[in-house]
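Coordinate analysis (summary)
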Amino acid sequence: MTALRIALYNGKGGCGKTTLAWNLAMGLARRAPTLLVDADPQGSLGDWANWADREGHYAIAICDWAGLREGGQANHHYRVYDCPPRLDDDEIEGILGEADLVLLPVLPSPLDLWASRRSAEFVQGLQSRRPQLRGYFVLNQVEAHSALSRASQSAIAAMGLPVLPVPIGRRAIYRGAALEGLSVYHMGKRAAAARDEIERLIEEILK
Ligand SMILES: Nc1ncnc2c1ncn2[C@@H]1O[C@H](COP(=O)(O)OP(=O)(O)OP(=O)(O)O)[C@@H](O)[C@H]1O
Ligand SMILES: [Mg+2]
């Protein structure tokens with residue numbers, strides 16, 4: 001079975017790769033068996049793996065990059081990679097080299113966007129060799145009702161990667177869920193808005 005492989009990537013740290021990888025994987029696992037690849041040796045996904053195992057009905061498995069290399073991870077419809085905040089070393093090249101879709105979370109400020117420029121260029125370089133690779137920015141931690149500033153819009157336009165039309169809000173529930181080792185799918189009504197936007201993100205990805 002060939003899985004749809006989705007990488008959360010940005011050389012810039014702290015933009016939401018792990019948060020989105022975790023919640024996306026949980027949402028995808030409601031649809032079909034999903035493998036979450038924790039490619040960040042400093043990442044926190046490893047801490048959540050035991051929980052995910054206990055809740056086996058989510059059909060989510062977590063492994064690290066080395067575990068993936070060892071094989072035996074073929075029976076998944078979706079694979080979500082949480083990349084470490086590094087730009088273009090061998091491991092990143094290995095992950096992005098096998099991805100179908102790269103999502104670059106960015107905070108909607110001109111400084112954060114400019115700090116993501118080299119990562120966007122790296123993805124575009126890969127696309128020039130492999131045009132079927134899809135790459136998008138995902139605006140993360142967007143404040144409610146705030147329009148993207150003109151400076152942010154021009155920073156995005158200058159970088160040549162499209163933005164997925166589903167902004168992810170800045171919501172305490174993302175942190176709260178992570179603190180409990182849970183996803184927004186497990187936080188009841190107070191996570192409804194977060195769940196809705198993750199669902200819309202998934203629908204956009206699966207289009
Ligand atoms: N949409 C959001 N709303 C509120 N807080 C968020 C959101 N997305 C991420 N955060 C918080 O921002 C911080 C950084 O997020 P996260 O760890 O997912 O980023 P990262 O890109 O994986 O970082 P690193 O580059 O260090 O791996 C975390 O404390 C996380 O809980
Ligand atoms: Mg991370």
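Residues numbered from 1 in each chain as written. Chains lettered and ligands numbered in written order. Predicted model: local features only at pLDDT ≥ 70, side-chain atom pairs only at ≥ 80, totals over all residues. Heavy atoms only, no water.

1. Remarks on the packing of helix α1 (residues 17–29) against helix α9 (residues 192–206)
Where α1 contacts α9, the two axes come as close as 10 Å, and the packing angle between them is 75°. Between α1 and α9, the angle falls in the class roughly perpendicular. Each of Leu20, Asn23, Leu24, Gly27 and Leu28 in α1 lies in contact with α9, whose residues at this interface are Ile198, Glu199, Leu201, Ile202, Ile205 and Leu206. In terms of residue class, the contact of α1 with α9 is made up of eight nonpolar, two polar and one charged. (Axes fitted to C-alpha atoms, helices over the stretch in contact; angles between N-to-C directions. Helix = DSSP H or I, 4+ residues; strand = E, 2+ residues; numbered from the N terminus. Parallel < 35°, antiparallel > 145°, perpendicular 65-115°, else oblique. Contact = heavy atoms within 4.5 Å. Nonpolar A, V, L, I, M, F, W, Y, C, P; charged D, E, K, R; others polar.)

2. Comments concerning the layout of surface pockets
Its boundaries defined by the atoms lining it, the second largest pocket holds a volume of some 160 Å³. Residue lining of the second largest pocket: Leu107, Pro108, Ser109, Gln141, Val142, Glu143, Ser146, Ala147, Leu148 and Arg170, and that is the complete set. When its residues are assigned to classes, the lining of the second largest pocket shows five nonpolar, three polar and two charged. (1 Å grid on protein atoms, 1.4 Å probe; cavity = no way out; pocket = protein on both sides within 12 Å on 5 of 7 lines; lining within 4 Å. Points joined across faces, edges and corners; volume = space filled by probe spheres on them.)

3. With respect to the site of ligand 1
Lining the immediate surroundings of ligand 1 are 17 residues, of which Lys17, Thr18, Thr19, Asn140 and Gly169 lie closest. Between Thr18 and ligand 1, the recorded distance is 2.8 Å, taken from a side-chain N or O atom to an oxygen atom. One nitrogen or oxygen atom from the side chain of Arg175 is found 3.2 Å from a nitrogen atom belonging to ligand 1. Relative to its free-state accessible area of 630 Å², ligand 1 is covered by the protein chains to the extent of 79%. Looking at the shell around ligand 1, the elements with two or more residues in it are α1 and α8 (172–179). The element that contributes the greatest number of residues to the shell around ligand 1 is α1, accounting for three residues. Of the residues assigned to the shell around ligand 1, the class counts are four nonpolar, eight polar and five charged. (Near = heavy atom within 4 Å. Polar contact = N/O pair within 3.5 Å; in protein donor to acceptor, adjacent residues only side chain to side chain. Areas by Shrake-Rupley, 256 points an atom, 1.4 Å probe, with all protein chains shown as cover.)

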